[in-house]
Amino acid sequence: MAIFSKGILGGFSGKVGNVIGSSWRGKDVLRSLPTKRNRVATPSQLEQQEKFSLIQKFLSTMTALLNTTYKAYGRGISAANAAVSYNLQNGISGASSPFNLNYPTILLSRGDLPNTSSATAVAEAGNAVKFTWENNAGLGKAKATDKVILVVYCAALNHTVYILGGNMRSELTQSLTVAAFTGETVETWLAFIADNGSVVSNSMYT
(Lines give C-alpha, C1' and ligand atoms only; values in the text may rest on other atoms or scores of the structure.)
Protein backbone atom coordinates (compact mmCIF):
# COMPACT_ATOMS: atom_id res chain seq x y z
CA MET A 1 0.00 0.00 0.00
CA ALA A 2 1.25 3.51 -0.82
CA ILE A 3 0.35 6.77 0.92
CA PHE A 4 0.17 10.03 -1.09
CA SER A 5 1.42 12.89 1.10
CA LYS A 6 0.26 15.79 -1.14
CA GLY A 7 -2.64 14.41 -3.10
CA ILE A 8 -2.58 12.47 -6.34
CA LEU A 9 0.10 14.71 -7.87
CA GLY A 10 2.40 14.58 -4.86
CA GLY A 11 5.08 12.12 -3.80
CA PHE A 12 4.12 8.88 -2.14
CA SER A 13 5.68 6.41 0.26
CA GLY A 14 5.19 2.68 0.05
CA LYS A 15 4.81 0.19 -2.81
CA VAL A 16 2.61 0.19 -5.89
CA GLY A 17 3.21 -2.87 -8.05
CA ASN A 18 6.94 -3.03 -8.65
CA VAL A 19 7.54 0.64 -7.78
CA ILE A 20 8.61 1.91 -4.35
CA GLY A 21 8.18 5.53 -3.30
CA SER A 22 10.31 7.15 -0.60
CA SER A 23 12.01 10.38 0.44
CA TRP A 24 15.79 10.87 0.23
CA ARG A 25 17.53 14.08 1.34
CA GLY A 26 14.22 15.98 1.13
CA LYS A 27 13.37 14.73 -2.37
CA ASP A 28 10.61 12.37 -3.46
CA VAL A 29 12.22 9.31 -5.03
CA LEU A 30 10.80 6.41 -7.06
CA ARG A 31 12.66 3.17 -7.57
CA SER A 32 11.81 -0.26 -8.88
CA LEU A 33 11.93 -3.42 -6.86
CA PRO A 34 15.29 -5.16 -7.15
CA THR A 35 15.39 -8.13 -9.48
CA LYS A 36 16.89 -11.42 -8.46
CA ARG A 37 20.30 -12.12 -9.96
CA ASN A 38 21.03 -15.67 -10.95
CA ARG A 39 24.25 -14.94 -12.82
CA VAL A 40 27.57 -15.78 -11.19
CA ALA A 41 29.78 -12.72 -10.66
CA THR A 42 32.78 -12.46 -12.97
CA PRO A 43 36.33 -12.31 -11.55
CA SER A 44 36.49 -8.57 -12.27
CA GLN A 45 33.17 -8.01 -10.49
CA LEU A 46 34.40 -9.97 -7.48
CA GLU A 47 37.58 -7.88 -7.39
CA GLN A 48 35.57 -4.65 -7.53
CA GLN A 49 33.36 -5.91 -4.71
CA GLU A 50 36.47 -6.68 -2.64
CA LYS A 51 37.89 -3.19 -3.25
CA PHE A 52 34.61 -1.54 -2.34
CA SER A 53 34.27 -3.58 0.85
CA LEU A 54 37.84 -2.72 1.83
CA ILE A 55 37.49 1.04 1.38
CA GLN A 56 33.97 1.14 2.85
CA LYS A 57 35.06 -0.67 6.01
CA PHE A 58 37.91 1.81 6.48
CA LEU A 59 36.01 5.03 5.75
CA SER A 60 32.94 4.02 7.78
CA THR A 61 35.03 4.65 10.90
CA MET A 62 35.07 8.40 10.18
CA THR A 63 31.78 9.24 8.43
CA ALA A 64 31.15 12.38 10.50
CA LEU A 65 34.59 13.73 9.58
CA LEU A 66 34.10 13.03 5.86
CA ASN A 67 30.75 14.81 5.87
CA THR A 68 32.77 18.00 6.49
CA THR A 69 36.01 17.30 4.63
CA TYR A 70 34.25 16.12 1.44
CA LYS A 71 31.28 18.47 1.68
CA ALA A 72 32.27 20.30 -1.53
CA TYR A 73 32.05 17.02 -3.47
CA GLY A 74 28.67 15.89 -2.18
CA ARG A 75 26.69 16.92 -5.25
CA GLY A 76 23.87 14.43 -5.75
CA ILE A 77 25.48 12.00 -3.31
CA SER A 78 26.48 12.24 0.33
CA ALA A 79 29.90 13.67 1.19
CA ALA A 80 30.91 10.33 2.72
CA ASN A 81 29.96 8.54 -0.51
CA ALA A 82 32.08 11.05 -2.45
CA ALA A 83 35.02 10.05 -0.24
CA VAL A 84 34.37 6.38 -0.99
CA SER A 85 34.23 7.10 -4.72
CA TYR A 86 37.53 9.00 -4.77
CA ASN A 87 39.46 6.57 -2.60
CA LEU A 88 38.07 3.52 -4.37
CA GLN A 89 39.86 4.81 -7.47
CA ASN A 90 42.99 6.18 -5.79
CA GLY A 91 43.49 4.57 -2.39
CA ILE A 92 43.90 0.85 -3.09
CA SER A 93 47.05 -1.03 -4.08
CA GLY A 94 47.53 -4.41 -5.71
CA ALA A 95 47.12 -5.67 -9.27
CA SER A 96 44.88 -8.52 -8.13
CA SER A 97 43.27 -9.94 -5.00
CA PRO A 98 44.07 -9.62 -2.14
CA PHE A 99 44.03 -5.82 -2.29
CA ASN A 100 45.34 -3.42 0.36
CA LEU A 101 44.70 0.14 1.44
CA ASN A 102 47.38 2.44 0.03
CA TYR A 103 47.56 4.88 2.94
CA PRO A 104 49.90 7.48 1.34
CA THR A 105 47.53 8.02 -1.61
CA ILE A 106 44.32 8.09 0.43
CA LEU A 107 42.75 11.53 0.86
CA LEU A 108 40.59 12.00 3.93
CA SER A 109 40.08 15.65 3.05
CA ARG A 110 39.89 17.42 -0.32
CA GLY A 111 39.88 21.14 -0.97
CA ASP A 112 41.67 24.26 -2.22
CA LEU A 113 43.15 25.39 1.08
CA PRO A 114 46.94 24.83 1.06
CA ASN A 115 48.21 22.18 3.46
CA THR A 116 51.51 22.63 5.24
CA SER A 117 54.71 22.02 3.29
CA SER A 118 56.07 19.62 5.93
CA ALA A 119 54.56 17.61 8.80
CA THR A 120 55.47 14.75 11.13
CA ALA A 121 53.65 12.45 13.55
CA VAL A 122 55.45 10.58 16.34
CA ALA A 123 54.38 8.53 19.34
CA GLU A 124 54.89 10.23 22.69
CA ALA A 125 54.39 9.44 26.36
CA GLY A 126 50.84 9.43 27.62
CA ASN A 127 49.38 7.27 24.86
CA ALA A 128 49.40 10.11 22.36
CA VAL A 129 50.56 10.98 18.87
CA LYS A 130 52.33 14.32 18.54
CA PHE A 131 51.88 16.14 15.24
CA THR A 132 54.13 19.00 14.15
CA TRP A 133 53.95 21.12 11.01
CA GLU A 134 55.40 24.19 9.35
CA ASN A 135 53.47 27.45 9.32
CA ASN A 136 53.06 28.47 5.69
CA ALA A 137 50.43 31.14 6.32
CA GLY A 138 50.31 33.60 3.45
CA LEU A 139 50.69 30.93 0.77
CA GLY A 140 47.56 31.21 -1.34
CA LYS A 141 44.50 30.98 0.91
CA ALA A 142 46.51 29.69 3.90
CA LYS A 143 46.01 31.76 7.06
CA ALA A 144 47.58 31.58 10.50
CA THR A 145 44.09 31.08 11.95
CA ASP A 146 43.31 27.93 9.95
CA LYS A 147 42.53 25.00 12.25
CA VAL A 148 44.30 21.66 12.05
CA ILE A 149 42.55 18.34 11.33
CA LEU A 150 44.30 15.30 12.82
CA VAL A 151 43.43 11.67 12.06
CA VAL A 152 44.82 8.47 13.61
CA TYR A 153 43.63 5.09 12.30
CA CYS A 154 44.34 1.65 13.77
CA ALA A 155 43.85 -1.12 11.20
CA ALA A 156 44.04 -3.90 13.80
CA LEU A 157 41.00 -2.47 15.58
CA ASN A 158 39.43 -0.81 12.53
CA HIS A 159 38.92 2.32 14.58
CA THR A 160 39.71 6.00 14.03
CA VAL A 161 40.39 8.85 16.43
CA TYR A 162 40.35 12.35 14.96
CA ILE A 163 39.99 16.01 15.77
CA LEU A 164 38.27 18.48 13.45
CA GLY A 165 39.26 22.08 14.13
CA GLY A 166 42.19 21.73 16.51
CA ASN A 167 45.06 24.17 17.05
CA MET A 168 45.74 26.99 14.63
CA ARG A 169 48.20 26.67 11.77
CA SER A 170 50.44 29.19 13.55
CA GLU A 171 50.71 26.99 16.69
CA LEU A 172 52.84 24.40 14.85
CA THR A 173 51.96 21.36 16.99
CA GLN A 174 49.21 19.38 18.71
CA SER A 175 48.99 16.00 20.42
CA LEU A 176 46.09 13.60 20.04
CA THR A 177 45.45 11.06 22.80
CA VAL A 178 44.83 7.54 21.46
CA ALA A 179 44.89 5.35 24.56
CA ALA A 180 42.82 2.62 22.88
CA PHE A 181 45.63 2.07 20.36
CA THR A 182 48.39 1.35 22.87
CA GLY A 183 50.82 -1.22 21.44
CA GLU A 184 49.29 -1.09 17.95
CA THR A 185 50.56 0.29 14.66
CA VAL A 186 48.65 3.35 13.47
CA GLU A 187 48.35 5.44 10.30
CA THR A 188 48.10 9.22 10.51
CA TRP A 189 46.97 12.18 8.40
CA LEU A 190 46.93 15.95 8.79
CA ALA A 191 44.86 18.63 7.05
CA PHE A 192 43.54 22.14 7.68
CA ILE A 193 40.14 23.80 7.69
CA ALA A 194 39.51 27.55 7.52
CA ASP A 195 38.44 29.01 10.85
CA ASN A 196 34.97 29.72 9.39
CA GLY A 197 34.71 26.18 7.99
CA SER A 198 34.36 27.39 4.41
CA VAL A 199 37.21 25.44 2.84
CA VAL A 200 39.54 22.55 3.66
CA SER A 201 42.90 21.34 2.38
CA ASN A 202 43.84 18.02 0.88
CA SER A 203 45.00 15.72 3.65
CA MET A 204 48.66 14.78 4.04
CA TYR A 205 49.73 11.27 5.07
CA THR A 206 52.12 11.63 7.99
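Residues numbered from 1 in each chain as written. Predicted model: local features only at pLDDT ≥ 70, side-chain atom pairs only at ≥ 80, totals over all residues. Heavy atoms only, no water.

Peer 1: Any chance you could explain the sheet that holds strand S7 (residues 119-124) here in plain terms?
Peer 2: Sheet strands pair by backbone hydrogen bonding; their relative direction is either parallel or antiparallel. Ordered in space as S7-S8-S11, the three strands form an open sheet in which the pairing is antiparallel. In this open sheet, the two edge strands, each paired with only one partner strand, are S7 and strand S11 (173-177). Pairwise comparison of adjacent strand axes, ignoring direction, gives a mean angle of 20° for this sheet. Pairing geometry for S7 and strand S8 (residues 128-133), over six bridges, is antiparallel. The partner of Val-122 across the bridge, within S8, is Lys-130. (Pairing = 2+ DSSP bridges. Helix = DSSP H or I, 4+ residues; strand = E, 2+ residues; numbered from the N terminus. Axes fitted to C-alpha atoms, helices over the stretch in contact; angles between N-to-C directions.)

Peer 1: Honestly, the pairing of strand S9 (residues 147-154) in this entry has me stumped. Any pointers?
Peer 2: Regular strands place their side chains on alternate faces of the sheet. Of all the eight residues making up S9, seven are buried; the element is thus mostly covered by neighbouring parts of the structure. Where S9 and strand S10 (residues 159-168) come together, seven bridges link them in antiparallel fashion. Residue pairing for S10: Leu-150 is matched across the bridge by Ile-163. Note: S9 against strand S12 (residues 187-193), seven bridges, orientation antiparallel. Paired with Tyr-153 across the two strands is Glu-187, which belongs to S12. (Buried < 20%, exposed > 50% of the residue type's maximum accessible area, 1.4 Å probe, protein only.)

Peer 1: What is the right way to look at the pairing of S11 in this model?
Peer 2: Here S11 shows a buried face lined by Gln-174 and Leu-176 and an unburied face lined by Thr-173, Ser-175 and Thr-177. Judged from the five bridges that link them, S8 and S11 form a sheet pairing that is antiparallel. Within S11, the position partnered with Phe-131 by the bridge is Gln-174.

Peer 1: I'm lost on the pattern of salt bridges in this one. Help?
Peer 2: Should the charged atoms of two oppositely charged side chains come close, the side chains can pair. Summed over all chains, the structure comprises one salt bridge. Residue Asp-146 is joined to Arg-169 by a salt bridge in which the shortest nitrogen-to-oxygen separation is 2.9 Å. One end of the pair, Asp-146, is in the loop between S8 and S9; the other, Arg-169, is in the loop between S10 and S11, with 23 residues separating them in the sequence. You'll find Asp-146 and Arg-169 in the same group, each marked buried. (Salt bridge = Lys/Arg side-chain N within 4 Å of Asp/Glu carboxyl O.)

Peer 1: What am I meant to see in the environment of Ala-83 here?
Peer 2: With respect to the secondary-structure elements, Ala-83 resides in helix H3 (residues 79-90). Classification of Ala-83 as buried rests on a relative accessible area of 0%. Distance in space between the C-alpha atoms of Ala-83 and Leu-107 is 7.9 Å, their sequence separation being 24 residues. Setting aside residues up to four positions removed in sequence, Ala-83 forms contacts with Leu-59, Leu-66 and Tyr-70. (Contact = heavy atoms within 4.5 Å.)

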